[in-house]
Amino acid sequence: MKPFFAIVVVYLCALLPVLSQADENALLFGRTISSQDIKAHISFLADDLVEGRETGERGQKIAGLYIKTQFIRMGLPGGVPESGDYFQRFYLNQSGVNEATISVGKKSFLFKEDFSYYGPGLPPSLSGDIVFGGYGLSGEGYNNLRHTDVKDKLVLVFAGNPTGTPEATRLLDQLRTWRSRGEAYKEAGAKAFMIILPDSVFNTVKRFAGRSSMSITGQPSVEMAGLYLSESMGNYLLGLAKAKPENLKKDLASSDKPAALEFKKAAFSLSAEVEASVKSGENVVAYLEGTDKKDELLVLTAHFDHIGVSRNGEVNNGADDDASGTSSIMEIAEAFALAAKAGHRPRRSMLFMLVSGEEKGLLGSEFYTDNPLYPLSSTVVDLNIDMVGRIDNKYENSPDSANYTYIIGSDRLSTQLHALSEEVNKTYSGLILDYKYNADNDPQRFYYRSDHYNFAKNGIPVIFYFSGTHKDYHKPTDDVEKINFEKTAKIARQVFYTAWEIANREERLVVDKPVER
């Protein structure tokens, strides 16, 4: 029997990869990833011709054909098994609300004036009993949900939290935080989750009311209605239960048990005129078969869709979001294709996948993981690139402004992956790997906000490469002339080297941490 210490040493050596020196072939083909080629790709994808690449629209189709053409030029076959197609097609329910009214007793409230919605949209009709759910929190230590029977109920909650501390600085992140609370209530069977917003916030939110939303065909379009209520509407409802908001919040600061309010006079009824249609989306996939470990697969992803044309006719070109990541994946794919032609085919197989539907809720990658082209059980890792072309506020005036990337998720499932990523960077790239957004309590929740997450929630190790947001995020000013092409190429090379090492190492990456959902 081996001594215990020796066993531990052997285990740790297997767990933590150490690269003694750079692989000359990796360096050779990594150098083919050029800032000039990345610029050429982004210049096409972020041109007005492509109309902002909104999923299901003409511009997204043009962008998809461009990516397919590039894969063909590289000599990479299509990634759909048997057919060899480059497109994994899916269909989406698109719905929007033209008009809606909520009646409570004898009083009526108007859509866009008194209430709005989030998520897939509104059902044509909705009625039921209202219950008060406090702040709608359901975490450990402070759990409003455990005290309330919400099945088939309309749950009314406050935005914010019992301590009164700010949750995030950006409105968009606050909205994500609030509506993410509704997921637990949906699972508990609630018919609606109604969030009372301060009027100052609601007045901003209502400007975006009525925009269409999408869900994958075959899923219920509205499993639970998510409503934003103006403060005045929320206070009116609470008044029907003879409750004052300030007293309720005071009680909630000392106890997670919401007051048992009786909304006896609140006969709630919603009616909505819903406009629905079906759109098609595509994931563009190219496949490179491996050698002796070809049954194991690496997936490299970025999303090529964006948010289309603004209501005033301005094109949201999305040069950074995510033409930068899409172009990086194409350059990485070409580097591997060149290596294969030169006799250096990777041991494991590789799927290069550019997804659409990300801006609609990570729908393209969700469709893939629900309908995988290759078994998820054989998928070793997903390396995802989203917004790597710009410099954020933290690094804007730093000497390292063109030499950093945020790393998200590398240690969430696999200690090995995180260690390998670090060693690859030391050996090949010398980037600053910043883990600011990898924290469990990251208020912006970036770990959950790009396509890698659909792989992670299925137990597949991931790394999300990111350079942070900026003032042009989701605006028509996210244009090609603002991209730092050499910085983008450096990050793409780091992804290439990481993929090279994972594809060619002897052992498959070990998953040694629990899956977060």
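Report on the accompanying structure. Note that the structure is a prediction, hence the values are computed from the model and not measured.

Reading the values: the criteria
Residues numbered from 1 in each chain as written. Predicted model: local features only at pLDDT ≥ 70, side-chain atom pairs only at ≥ 80, totals over all residues. Heavy atoms only, no water. Helix = DSSP H or I, 4+ residues; strand = E, 2+ residues; numbered from the N terminus. Rg over C-alpha atoms; globule rule 2.2 N^0.38 Å. Buried < 20%, exposed > 50% of the residue type's maximum accessible area, 1.4 Å probe, protein only. Areas by Shrake-Rupley, 256 points an atom, 1.4 Å probe, with all protein chains shown as cover. 1 Å grid on protein atoms, 1.4 Å probe; cavity = no way out; pocket = protein on both sides within 12 Å on 5 of 7 lines; lining within 4 Å. Points joined across faces, edges and corners; volume = space filled by probe spheres on them. Nonpolar A, V, L, I, M, F, W, Y, C, P; charged D, E, K, R; others polar. Salt bridge = Lys/Arg side-chain N within 4 Å of Asp/Glu carboxyl O. Pairing = 2+ DSSP bridges.

1. Thoughts on the overall build of the protein chain
When helices and strands are counted, the protein chain shows 14 helices and 16 strands. A compact globule built from 517 residues would reach a C-alpha radius of gyration of about 24 Å, and the protein chain, at 25 Å, matches this within 12%. Its C-alpha atoms give the protein chain principal-axis dimensions of roughly 75 × 65 × 50 Å. Residue burial in the protein chain is summarised as follows: out of 517 residues, 56% are buried. Accessible area for the protein chain stands at about 21,900 Å²; split by element, carbon and sulfur atoms hold 50% of it.

2. Here's the deal with unusual backbone geometry
Cis peptide bonds are those with omega within 30 degrees of zero, and the linkage from Asp-321 to Asp-322 qualifies with -5 degrees. Examined against the element boundaries, Asp-322 turns out to sit in helix H10 (residues 319-341). Even without being a glycine, His-474 presents a positive backbone phi close to 55 degrees. Here His-474 is to be found in the loop between strand E16 (462-466) and helix H14 (485-504). Judged by its relative accessible area of 26%, His-474 is partly exposed.

3. Some thoughts on empty space enclosed by the protein
The tally for this structure, following the rule as stated, stands at one cavity of 30 Å³ or more. Here the largest cavity defines a volume of roughly 30 Å³. If you trace the largest cavity, you find it lined by Arg-412, Tyr-437, Ala-439, Asp-440, Asp-442, Arg-445, Tyr-447 and Tyr-448. Taken together, the residues of the lining of the largest cavity sort by class into four nonpolar, no polar and four charged.

4. A look at the pattern of salt bridges
Applying the stated criterion to the full structure yields 19 salt bridges. Across the pair Glu-282 and Lys-61 runs a salt bridge whose closest N-O atoms are separated by 2.7 Å. With Glu-282 in strand E10 (residues 268-288) and Lys-61 in helix H4 (residues 58-74), the pair connects residues that are 221 residues apart, well separated along the chain. For the salt bridge of Glu-113 with Lys-206, the shortest nitrogen-to-oxygen distance reads 4.0 Å. In this pair, Glu-113 sits in the loop between strand E2 (107-110) and strand E3 (115-118) while Lys-206 sits in the loop between helix H7 (199-205) and strand E8 (213-216), placing the two residues 93 residues apart along the sequence.

5. Some remarks on the pairing of strand E6 (residues 154-158)
Burial runs high along E6: five of the five residues are buried. Alternating residues of E6 divide into Leu-154, Leu-156 and Phe-158 and Val-155 and Val-157, and every residue in both groups is buried. One ladder, built from three bridges, connects strand E5 (residues 130-132) with E6; its direction is parallel. Each bridged residue has a counterpart across the sheet, and for Val-131 the counterpart in E6 is Val-155.

6. A few points about the layout of surface pockets
The computed volume of the second largest pocket comes to approximately 160 Å³. In terms of lining, the second largest pocket is formed by Phe-158, Ala-159, Gly-160, Gln-174, Trp-178, Ile-196, Leu-197, Pro-198, Glu-231, Asn-235, Pro-245 and Lys-249. Sorting the residues of the lining of the second largest pocket by element identifies helix H5 (171-180), helix H8 (231-240) and helix H9 (245-254) as the ones contributing at least two each. Residue composition of the lining of the second largest pocket, by class: seven nonpolar, three polar and two charged.

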